Amino acid sequence: QVQLVESGGGLVQAGGSLRLSCAASGRTFSSYAMGWFRQAPGKEREFVAAISWSGGNTYYGDSVKGRFTISRDNAKNTVYLQMNSLKPEDTAVYYCAADARPHMEVVNTWYYWGQGTQVTVSS
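First, a word on scope: everything that follows refers to the structure included in this document. As the structure is a computational prediction, the values presented were derived from the model and not from experiment.

Reading the values: rules and limits
Residues numbered from 1 in each chain as written. Predicted model: local features only at pLDDT ≥ 70, side-chain atom pairs only at ≥ 80, totals over all residues. Heavy atoms only, no water. Salt bridge = Lys/Arg side-chain N within 4 Å of Asp/Glu carboxyl O. Helix = DSSP H or I, 4+ residues; strand = E, 2+ residues; numbered from the N terminus. Buried < 20%, exposed > 50% of the residue type's maximum accessible area, 1.4 Å probe, protein only.

### Overview of the pattern of salt bridges
Okay, step 1: The full count for this structure, using the stated rule, is four salt bridges.
Okay, step 2: The salt bridge involving Arg38 is made with Asp90; its shortest N-O contact spans 2.8 Å. One end of the pair, Arg38, is in strand 4 (residues 33–39); the other, Asp90, is in the loop between strand 8 (78–83) and strand 9 (92–99), with 52 residues separating them in the sequence. For the pair Arg38 and Asp90, one class covers both residues: buried.
Okay, step 3: Across the salt bridge formed by Arg67 and Asp90, the nearest N and O atoms sit 2.7 Å from each other. You can see Arg67 sitting in the loop between strand 6 (58–60) and strand 7 (68–73) and its partner Asp90 sitting in the loop between strand 8 and strand 9, a full 23 residues away along the chain.
Okay, step 4: Since its relative accessible area comes to 11%, Arg67 is described here as buried.
Okay, step 5: One salt-bridge network, held together by shared partners, links Arg38, Glu46, Arg67 and Asp90.

### Brief notes about unusual backbone geometry
Okay, step 1: The backbone phi angle of Asn77 is positive, close to 55°, even though this residue is not glycine.
Okay, step 2: One can find Asn77 in the loop between strand 7 and strand 8.
Okay, step 3: The phi angle at Ser85 is positive, at roughly 50°, despite the residue not being glycine.
Okay, step 4: Tracing the chain through its elements places Ser85 in the loop between strand 8 and strand 9.
Okay, step 5: Overall, the relative accessible area of 42% leaves Ser85 in the partly exposed class.

Structural data, given as structure tokens:
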């Protein structure tokens, strides 16, 4: 079992920045790929970013490329999402996910999920 707890969400003005954190506990963190997804009201859950178990490979959704950066610290069992140049359309609940062998951009291939943290970007 893997438990995931997100933090760092909040209210920010357009153009601002936030850093989300996801702390993992349970089975060996470093053997899992980690991902961030988001879900806005009335919309499907959307892929945001993912990182391989080693941190050597990263993947981003088209809408966040160049603005968001995913990273991980395996010594701290934590994955981060640095979000810059935030836009109102980035407003959503952001979820952390973990899986040993996911198809990175495919939501239903990720097994473990956190409870989510709200990010609201005002215009």
